[in-house]
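# Coordinate inspection notes
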Amino acid sequence: MWWIYRTEVRRSALRWALPAFVAVDLLVLFGRSRHWIGVWPEASAAAQIPAFYLGPALAGAAAWSAASRRRSGVVEQLAAAAKSSWRVELAQLSATLTYGVLAYTLGALTAAGVTVPEAGPEFWWPGYILLGLALITICTGVGHLLGRTTKSLFAVPVICALGCLVFLGVFGFAPGTGSSGIGLAVLSGYPYTTVSALPLTARLLLGIGLIALAAGVGSHLRSASGRPGWPGLPLAGLSGVGLVAIAVVLFVTAGPLLAQREVPADPLCTHSKPQICVWPESQKFAPEFEAMSARIAALPPRLIKSPDVFYEDGVRGGPLDMGRGFYIFEGQTWDAATSMAIRLNEASSPPYCDPVDEAANDRRLKAQLELISWLTVRIAGNGQPAAIHGGPPGVDQKAIRVLVTRPEAEQVAWATARYKVVRETPCASE
């Protein structure tokens, strides 16, 4: 079996595609964004994302490789080989999978290598890496099984690749990440969530089951007429059916892929007041949080009443929502500043109410948005954050950036006028 596998690896045409697989992995890893560098949960999730593209590529490659034997006219010879047919089939399938896994592994090692200097070696999260491996395995097994039913050189491989890509794009991402999919991939690795063991096991079992099914059933799709030889289906095929069935049951019963982590025993908090407490995995941003804390303390006290402590989401437990803590979207502290600004604004103004008319509503809303933008830029300390994508609608962000460079008295007078609009706009219930 080992000799057959080595032979398949050496003779596989995919050896020429390996540099392209590695290039795709690294391009997705570093081209999508680099905010994840230095934060282990984000780095682990970022290393998994290339599987979203490698999986469909391997599905097409597996279909092309599986169909090559029928195109070459060696089906009957392989059927009469001394080795068990499923072993020969599994060796070819494993060789195809090897090149995809090798490219994926190189990408994961690269992500770990650039993260260690800033984050340290103690926070590696393997669940995301295994999730990507499961996705690649599932796509490869499906592609090989479909490829054994045809002689097509291009049509079926292309259909497999595109079909897998479209399916993943529509249904693949885990719920809770902006998707209602089945959870074969994630977009981000926030420190307050982790991959659950049982749902991950279901996905790994599904990948292994499809590989076994493709080897067992594929080995019986050998006749020159292309008719399947179901009698005598080998143990590999039956095992594959059983594993797939178990995986489907686990999919339904295991619960969501992502679970909330336990409250950290020792969160990372700033020394200055007000304190900003985050997950220990966010230690890369500690200097920026210290600077933000100082800028919050410098806000005009007669206008702003700041909470004593800001908590990142999940640090205190309870449900994950904006009311209990802030998020660090894309690893940028200025997104945390946005959440802080909203909370600061709410802390010093009445709750929202329905104004008496539409014009009053527009004035009140515009004043609130302008204050939020002003506070965000003040807290971020480096101008309008890029992650806000232009800021709230109707607010002149350029004017806000100029405003924060003006003397403090001028800024206080401007903010006072906006707060007056917010406070004094009458409500319909009054």
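Look up a bit, the structure's there.
This section reports on the structure supplied with the text. (Residues numbered from 1 in each chain as written. Predicted model: local features only at pLDDT ≥ 70, side-chain atom pairs only at ≥ 80, totals over all residues. Heavy atoms only, no water.)

Next up on the list: the overall build of the protein chain. The helix and strand inventory of the protein chain stands at 15 helices and five strands. A burial count over the protein chain gives 50% of its 430 residues as buried. Partitioning the intrachain contacts of the protein chain with sequence separation of at least 6 by distance along the chain shows that 75% fall at a separation of at least 24. Accessible surface, the protein chain as shown: approximately 19,500 Å² in total, 65% of it carbon and sulfur. (Helix = DSSP H or I, 4+ residues; strand = E, 2+ residues; numbered from the N terminus. Buried < 20%, exposed > 50% of the residue type's maximum accessible area, 1.4 Å probe, protein only. Contact = heavy atoms within 4.5 Å. Areas by Shrake-Rupley, 256 points an atom, 1.4 Å probe, with all protein chains shown as cover.)

Turning to the packing of aromatic side chains, a few remarks are in order. In this structure the tally under the stated criterion is seven aromatic pairs. Both rings, one in Phe30 and one in Trp36, keep their centres 5.6 Å apart while their planes meet at 45°; by these two values the pair is tilted. Judged by its relative accessible area of 2%, Trp36 falls in the buried class. Plain terms: the ring middles of Trp125 and Tyr128 are 6.3 Å apart, the flat faces sit at 10° to each other, and that makes the pair stacked. Residue classification places Trp125 among the buried residues on the basis of a relative accessible area of 10%. Of the aromatic side chains, those joined through ring pairs into one cluster are Phe52, Tyr53 and Phe173. (Phe/Tyr/Trp six-rings, centres within 6.5 Å; stacked < 30°, edge-to-face > 60°.)

With that settled, the discussion passes to the pattern of salt bridges. Here the structure, examined in full by the defined rule, presents six salt bridges. Of the charged contacts, one joins Glu89 and Arg148 as a salt bridge, the two residues approaching to 2.7 Å between their closest N and O atoms. With a gap of 59 residues between them, Glu89 in helix α6 (residues 85–119) and Arg148 in the loop between α7 (126–147) and α8 (155–172) connect regions that are remote in the sequence. Here Glu89 falls in the buried class, since its relative accessible area comes to 0%. Owing to a relative accessible area of 0%, Arg148 belongs among the buried residues under this scheme. In this structure, Glu370 and Lys366 form a salt bridge, with 2.5 Å as the shortest nitrogen-oxygen distance. Of this pair, Glu370 and Lys366 are both found in helix α13 (residues 358–380), four residues apart, which corresponds to roughly one turn of the helix. The class for Lys366 is partly exposed, based on a relative accessible area of 40%. (Salt bridge = Lys/Arg side-chain N within 4 Å of Asp/Glu carboxyl O.)

On to the sheet that holds strand β4 (residues 275–278). Ordered by their spatial adjacency, three strands build an open sheet running β3-β4-β5, and the pairing between neighbours is mixed. Because the sheet does not close on itself, it has two edges, and the strands there are β3 (268–269) and β5 (309–311). (Pairing = 2+ DSSP bridges.)

Our next topic: the pairing of β4. Note that β3 and β4 share two bridges and pair antiparallel. Bridge assignment links Leu268 to a residue of β4, and that residue is Val278. What sits between β3 and β4 in their antiparallel hairpin is a turn of five residues. For the handedness criterion, the β-α-β arrangement of β4, helix α11 (residues 286–297) and β5 is classed as left-handed. (Right-handed = clockwise from strand over helix to strand, strands pointing away.)

Here the focus is the packing of α11 against α13. Between α11 and α13, whose axes approach to 8 Å, the crossing angle comes to 130°. Between α11 and α13, the angle is such that the two are oblique. Counted together, Met292, Arg295 and Ile296 of α11 and Arg378, Ile379 and Ala380 of α13 form the full contact between these two elements. Each residue belonging to the contact of α11 with α13 can be placed in one class, and the counts come to four nonpolar, no polar and two charged. (Axes fitted to C-alpha atoms, helices over the stretch in contact; angles between N-to-C directions. Parallel < 35°, antiparallel > 145°, perpendicular 65-115°, else oblique. Nonpolar A, V, L, I, M, F, W, Y, C, P; charged D, E, K, R; others polar.)

The next point concerns empty space enclosed by the protein. For the structure shown, the criterion picks out two cavities of 30 Å³ or more. The calculated volume of the second largest cavity comes to roughly 40 Å³. Around the second largest cavity sit Val28, Leu29, Arg32, Ser33, Trp36, Ala46, Ile49 and Pro50, which together line it. (1 Å grid on protein atoms, 1.4 Å probe; cavity = no way out; pocket = protein on both sides within 12 Å on 5 of 7 lines; lining within 4 Å. Points joined across faces, edges and corners; volume = space filled by probe spheres on them.)

Here the residue pair Lys273 and Pro274 is connected by a cis peptide bond, since its omega of -5° sits within 30 degrees of zero. By secondary structure assignment, the location of Pro274 is in the loop between β3 and β4.

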